Amino acid sequence: MRFLVSLLALLIIGLACKKERDLSDNTSDASSKVTYPERPLQAEPPPEIPQYVQQYSRTIAGRFLLPDGYTRKPILENSYASYLRNLKLKADKSKVELYNGQLKSNQDIHAAVIDLPIGNKDLHQCADAIMRLRAEYLWREEKYDDIHFNFTNGFTVAYTEWMRGRRMVVKGNKTYWDDTDNPSNTYEDFWEYMELIFMYAGTLSLSKELKSVPILEMQIGDIFILGGSPGHAVVVVDIATNDKGEKIFMLAQSYMPAQEMHVLKNLNEEISPWYSLTDNDEIMTPEWTFTKNQLMRFRS
């Protein structure tokens, strides 16, 4: 087993979530020379339905059943936790698509595909997808003052400034606002703002904005994150507990090249896609292994 884990670690290092960008570089992290697999000519035979999957439901809470003895804790209807738990899913057995319409090379790691468009640029990667979920929830709740992220140089980019028609000017590693557009708050404006954040923020900058959380205090919306290059991040999208207070949880990610978010399988197939805190000291996902002290949370 140790040999297999080591081999897996060597394989994922070369595929790790995007490198932090220097602000003078407005290109994507993934190399332009990357080639993508062709779509299969024939559909693969569908696998057996896992025991915790309600295949016809189109939300996380509806699609994934609970192991015996576990229940989902009630949460506020309009909370971020509720937003994540009720994210819409594509049809069962959908494949993960990249930003350019090609398929993710590894289609064996996800339990479901989250039904959110990601644009057609190689930008919506791991930390980007998590920032997008948080910002999209806040935007839909009209909590515009809470939408702000830092570039890798520490410059805070507030969406309220963007709404006023101001736009960022990036020159080398220097950034500043310029009044170049008309005030507006359409979804298209919001998405333009998010793509700017995707371009100049990443796991390193996001990790500096978050606060550490003890693993036993995990909540929906918390993030396992390692900032850097390579770095990666996944988000907790659901939690359930039993009478002993033991928690199981579910994780979602994007990766690189930019791709649709997906609910991750657990390598422990007995409870997949649920994960258990009692398994071991590490959180081993199909494409990355985190430690329990890498759990973090948005500050507001």
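For the structure, check the block above.
Residues numbered from 1 in each chain as written. Predicted model: local features only at pLDDT ≥ 70, side-chain atom pairs only at ≥ 80, totals over all residues. Heavy atoms only, no water.

Right, let's talk about the pairing of strand β8 (residues 232-241) for a bit. Burial runs high along β8: 9 of the 10 residues are buried. Of the pairings in the sheet, the one linking strand β7 (residues 223-226) to β8 comprises 4 bridges and is antiparallel in character. Within β8, the position partnered with F224 by the bridge is V234. If you look at the hairpin formed by β7 and β8, you'll find 5 residues sitting between the two strands, and G228 has a positive phi there, around 145°. For β8 and strand β9 (residues 247-253), the ladder comprises 6 bridges, and the chain directions are antiparallel. Counterpart to I239 in the pairing with β9 is F249. The turn linking β8 back onto β9 is made up of 5 residues, and G245 within it adopts a positive phi angle of 85°. (Buried < 20%, exposed > 50% of the residue type's maximum accessible area, 1.4 Å probe, protein only. Helix = DSSP H or I, 4+ residues; strand = E, 2+ residues; numbered from the N terminus. Pairing = 2+ DSSP bridges.)

Moving on, we get to unusual backbone geometry. In this structure, P257 follows M256 across a cis peptide bond, with omega equal to -5°. Mapped onto the elements, P257 comes out in the loop between β9 and β10 (262-264). At the junction of S272 and P273, the peptide bond is cis and its omega measures out at 10° in the coordinates. With respect to the helices, strands and loops of the structure, P273 is situated in the loop between β10 and β11 (275-276). At E142, a position not held by glycine, the phi torsion is positive, near 60°. Mapped onto the elements of the fold, E142 is located in the loop between α4 (126-140) and β2 (148-150).

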